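Survey of secondary and tertiary structure
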Amino acid sequence: MPALIAETGVPYVLMHRRGDASSMVTEANYADVVEEVIKELMDVRDTFVSAGVAPEKLILDPGLGFAKDAEHNWELLRALDRFTALGHRVLVGTSRKRFLGSLLTVDGKPAAPTARDAATAASSALAAVNGAWGVRVHDVPANLDAIKVATAWSAARIPAL
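Keep in mind it's a predicted model, so treat the numbers as computed, not measured. Along every chain, residues carry numbers that run from 1 in the direction the sequence is written. Under the rules for a predicted model, residues below a pLDDT of 70 receive no local features and side-chain atom pairs below 80 are neither given nor counted, while totals for whole chains, interfaces and linings still include all residues. To obtain the side-chain values, all non-hydrogen atoms of the structure were included, while hydrogens and water were left out.

**What to know about the sheet that holds strand 1 (residues 12–15)**
- The sheet built from four strands is open, its strands ordered 1-2-3-4 with parallel pairing. A strand with exactly one partner marks an edge of an open sheet, and here the two such strands are strand 1 and strand 4 (134–135).
- Paired strands are those between which DSSP finds at least two bridges. Each helix is a run of DSSP H or I of at least 4 residues and each strand a run of E of at least 2, with the numbering of both proceeding from the N terminus. Here strand 2 (residues 58–61) runs beside strand 3 (residues 89–92); their pairing, made up of two bridges, is parallel. Within strand 3, the residue paired with leucine 60 across the bridge is valine 90.

Here it is, written out as structure tokens:
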């Protein structure tokens, strides 16, 4: 894949994950999830850059939910500034994720995927005002509205010069 991306010059998302769909749960072991995800993403990034991919073509995605439990996901979101400081665009995908469903329990059961849309919009807005270049979502209009509100709110707090 690195050679093809270098040849075509298209943007490419590097998403962190460990294992595959059948082994991800057992791969969610971290001493420091933020440090390890950053290191593993940077190792893959270096492979792509060594193959001739322009660094500005690479987009980093911490891979929420892919070999990560709920606490890992929250830690990664709280550390979004560490990802944006790496010099690449950052993509965040919280849309309808299990960790949002666990947060929004109803009668002791996780909220259904479509019942997570408001939480997705909230997390997308927070990610955007904290430096995410993009968000991956199911309900685009609601997330766009939430991001517009959060961006306007954030900009209103910056004193005029």
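**Side note on the packing of helix 6 (residues 117–129) against helix 7 (residues 140–156)**
- Orientation is described by lines fitted to C-alpha atoms, with helices fitted over the stretch in contact, and by angles between N-to-C directions that extend from 0 to 180 degrees. Closest axis-to-axis distance for the helix 6/helix 7 pair is 8 Å, and the angle between their directions is 40°. Taken as axis vectors, helix 6 and helix 7 run oblique relative to one another. In this structure, helix 6 meets helix 7 at a crossing whose hand is right-handed. Seen from helix 6, the contacting residues are Thr120, Ala121, Ser124, Ala125, Ala128 and Val129; seen from helix 7, they are Ala142, Asn143, Ala146, Ile147, Ala150, Thr151 and Ser154.
- Each residue receives one of three labels: charged for Asp, Glu, Lys and Arg, nonpolar for Ala, Val, Leu, Ile, Met, Phe, Trp, Tyr, Cys and Pro, and polar for the others, Gly being one of them. When the residues that make up the contact of helix 6 with helix 7 are grouped by side-chain class, the tally is eight nonpolar, five polar and no charged. For classification, angles of less than 35 degrees are called roughly parallel, those exceeding 145 degrees roughly antiparallel, those between 65 and 115 degrees roughly perpendicular, and all remaining angles oblique. By definition, turning the near helix anticlockwise from the far helix through less than a right angle yields a left-handed crossing, and turning it clockwise yields a right-handed one. Whether two residues are in contact is decided by their heavy atoms: any pair within 4.5 Å suffices.

**Brief notes about the side chain of aspartate 117**
- Relative to the assigned elements, aspartate 117 resides in helix 6.
- Accessible area is worked out with a 1.4 Å probe on protein chains only. A residue is then buried under 20% of its type maximum, exposed over 50%, and partly exposed in between. For aspartate 117, a relative accessible area of 18% translates into the label buried.
- Setting aside anything within four residues of it in sequence, one finds aspartate 117 in contact with Arg96 and Asp139.

The quantities given are spatial measurements derived from coordinates; they are silent on function.
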